[in-house]
Amino acid sequence: MTETSEAQIIMYGTDWCPESHLAKFVLKKLKADYTYINIDQDKAAENIVIQNNAGSRSVPTIFFPDDSVLVEPSRRELTKKVLSLGLSKK
């Protein structure tokens, strides 16, 4: 549930993006362990996002332990995914 824990969920985002803030809120509310990586501060992370989004710098880009990825998910979509994988500690 922290931004630096060893997590099963890896979220790439930016501090200025409202969708990144929403995704962090949802993950914290669900008490899901995740690692947050700010792509404005990490060029390698920015490249991962760009490569996985056909050249776009779309955030949040969220990777899950089942090798799936959600890009700019809605609150409902993210909640459903976390719950379906049993990653919520709520």
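Everything numeric here is computed off the predicted structure, so don't read it as measured data.

Undergrad: Tell me what's going on with the overall build of the protein chain, and back it up with residues and numbers.
TA: For the protein chain, the helix and strand inventory stands at three helices and four strands. Secondary structure of the protein chain in N-to-C order comes out as β-α-β-α-β-β-α. Radius of gyration (C-alpha) of the protein chain: 12 Å, near the 12 Å computed for a compact globule of 90 residues. Projected onto its principal axes, the C-alpha positions of the protein chain cover 35 × 25 × 20 Å. For the protein chain, the residues scored as buried account for 40% of the 90 residues in total. Long-range pairs, those at least 24 residues apart, make up 57% of the contacts in the protein chain with a sequence separation of at least 6. Accessible surface for the protein chain amounts to roughly 5,200 Å². Of this, 51% is attributable to carbon and sulfur atoms. Positive and negative side-chain charges of the protein chain, numbering 12 and 12 respectively, have mean locations separated by a distance of 10 Å.

Undergrad: Break down the sheet that holds strand S1 (residues 9-13) for me, with residues and values.
TA: Strands sit in the order S2-S1-S3-S4 across an open sheet of four strands; the sheet is mixed. Looking at strand neighbours, the two that pair on one side only are strand S2 (34-38) and strand S4 (69-71), the edges of this open sheet. The mean angle between the axes of side-by-side strands here comes to 15 degrees, regardless of whether they run parallel or antiparallel. The pairing of S1 with strand S3 (residues 61-63) spans three bridges and is antiparallel. Of the residues in S3, the one forming a bridge with Ile 10 is Phe 63. The sheet contacts of helix H1 (residues 18-29) involve S1, S2 and S3, and relative to S1 the element is tilted by about 155 degrees.

Undergrad: Tell me about the packing of H1 against helix H3 (residues 75-84), and please be specific about residues and values.
TA: Contact geometry for H1 and H3: axes closest at 10 Å, N-to-C directions at 35 degrees. The handedness of the crossing between H1 and H3 is right-handed. In this structure, H1 uses Leu 22, Ala 23, Phe 25, Val 26 and Leu 27 to contact H3, whose residues at the interface are Arg 75, Leu 78, Thr 79 and Val 82. For the contact of H1 with H3, the residue count by class is seven nonpolar, one polar and one charged.

About the cut-offs
- Residues numbered from 1 in each chain as written.
- Predicted model: local features only at pLDDT ≥ 70, side-chain atom pairs only at ≥ 80, totals over all residues.
- Heavy atoms only, no water.
- Helix = DSSP H or I, 4+ residues; strand = E, 2+ residues; numbered from the N terminus.
- Rg over C-alpha atoms; globule rule 2.2 N^0.38 Å.
- Buried < 20%, exposed > 50% of the residue type's maximum accessible area, 1.4 Å probe, protein only.
- Contact = heavy atoms within 4.5 Å.
- Areas by Shrake-Rupley, 256 points an atom, 1.4 Å probe, with all protein chains shown as cover.
- Lys, Arg positive; Asp, Glu negative; His and termini not counted.
- Charge placed at Lys NZ, Arg CZ, Asp CG, Glu CD.
- Pairing = 2+ DSSP bridges.
- Axes fitted to C-alpha atoms, helices over the stretch in contact; angles between N-to-C directions.
- Left-handed = near helix turned anticlockwise from the far one by under 90°.
- Nonpolar A, V, L, I, M, F, W, Y, C, P; charged D, E, K, R; others polar.

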